[in-house]
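Letter by letter, the chains look like this.
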Amino acid sequence: MPEFSWPDRSQVPAADAVDRDWPAIVSALPLGSHVSGRVIGRQPFGVFLLIDGVPNAVGLAEITAMPHHMELPAMGATVAGEVIWHADHNRQVKIRLDEWNVPS
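Residues numbered from 1 in each chain as written. Predicted model: local features only at pLDDT ≥ 70, side-chain atom pairs only at ≥ 80, totals over all residues. Heavy atoms only, no water.

Here the focus is the layout of surface pockets. Each pocket or cavity is described by its volume, and for the largest pocket that value is around 370 Å³. For the largest pocket, the lining is made up of 14 residues, of which Pro7, Arg9, Val12, Pro13 and Val58 are closest to its centre. By residue number, the principal contributor to the lining of the largest pocket is helix 1 (residues 15–28), which donates three residues. Partitioned by chemical class, the residues of the lining of the largest pocket number nine nonpolar, two polar and three charged. (1 Å grid on protein atoms, 1.4 Å probe; cavity = no way out; pocket = protein on both sides within 12 Å on 5 of 7 lines; lining within 4 Å. Points joined across faces, edges and corners; volume = space filled by probe spheres on them. Helix = DSSP H or I, 4+ residues; strand = E, 2+ residues; numbered from the N terminus. Nonpolar A, V, L, I, M, F, W, Y, C, P; charged D, E, K, R; others polar.)

For Lys94, the location among the structural elements is in strand 5 (residues 92–97). Looking at Lys94, the relative accessible area reads 12%, which means it is buried. Here Lys94 is in contact with Leu60, Glu62, Glu82, Val83, Ile84, Trp85 and Ala87, once residues within four sequence places are set aside. (Buried < 20%, exposed > 50% of the residue type's maximum accessible area, 1.4 Å probe, protein only. Contact = heavy atoms within 4.5 Å.)

Here we come to the environment of Glu99. Considering the arrangement of structural elements, one finds Glu99 in the segment after strand 5. Between the C-alpha atom of Glu99 and that of Val79, which follows or precedes it by 20 residues, the distance is 8.2 Å. Those residues in contact with Glu99, other than ones at most four positions away along the chain, are Met70, Glu71, Pro73 and Val79.

A few words on unusual backbone geometry. The backbone of Asn56 sits at a positive phi, close to 65°, despite the residue not being glycine. Of note, the phi angle at Arg91 is positive, near 60°, even though the residue is not glycine. Note that Arg91 resides in the loop between strand 4 (78–87) and strand 5.

Taken together, the five strands give a closed barrel; going around it, the order is 1-2-3-5-4, and neighbouring strands pair in mixed fashion. Averaged over all pairs of adjacent strands, the angle between their axes in this sheet comes to 50°, without regard to strand direction. Note: strand 2 (residues 46–51) against strand 3 (residues 58–62), five bridges, orientation antiparallel. The partner of Phe48 across the bridge, within strand 3, is Leu60. (Pairing = 2+ DSSP bridges. Axes fitted to C-alpha atoms, helices over the stretch in contact; angles between N-to-C directions.)

In this section: a nonpolar patch on the surface. A surface patch of nonpolar side chains, amounting to about 300 Å² of accessible area, comprises Trp6, Phe45 and Ile63. With respect to the helices, strands and loops of the structure, Ile63 is situated in the loop between strand 3 and strand 4. Overall, Ile63 belongs to the partly exposed group, its relative accessible area being 32%. (Patch = residues over 30% accessible without salt bridge, like charges linked within 9 Å, V, L, I, M, F, W, Y side chains within 5 Å. Areas by Shrake-Rupley, 256 points an atom, 1.4 Å probe, with all protein chains shown as cover. Salt bridge = Lys/Arg side-chain N within 4 Å of Asp/Glu carboxyl O.)

Counting 17 residues, the largest nonpolar core has Ile25, Leu29, Val47, Ile51, Val93, Ile95 and Leu97 as its most contacted members. Mapped onto this core, the elements with two or more residues apiece are helix 1, strand 1 (34–43), strand 2, strand 4 and strand 5. Residues within four places of Leu29 in sequence aside, it is in contact with Val35, Ile51, Val54, Ala57, Val83, His86 and Val93. (Core = buried A, V, L, I, M, F, W, Y, C linked by side-chain atoms within 4.5 Å.)

Note that all results are geometric; they support no functional claim without further evidence.
The following block contains the structure:
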């Protein structure tokens, strides 16, 4: 059974910092841009990651974009993917991981 955990508070940027930086985060990470980051949390619905090179940017790669035969990346793993959405309500950058893009 896979292990799930929420991101540790010490790894997550403070909410006020994310709110303050949200316009810059959205500007730095336009839809379709390629990003990488480190997995800081795993849940049944996807993985949270700290996005490299963009202060206070938290990404979420949801399993809705994950093929059925795949598994969630491990805690601490470095992953890469494409920005597919900006969730203004909770200040998350939605990501589709490269490893989930299976050639047809």
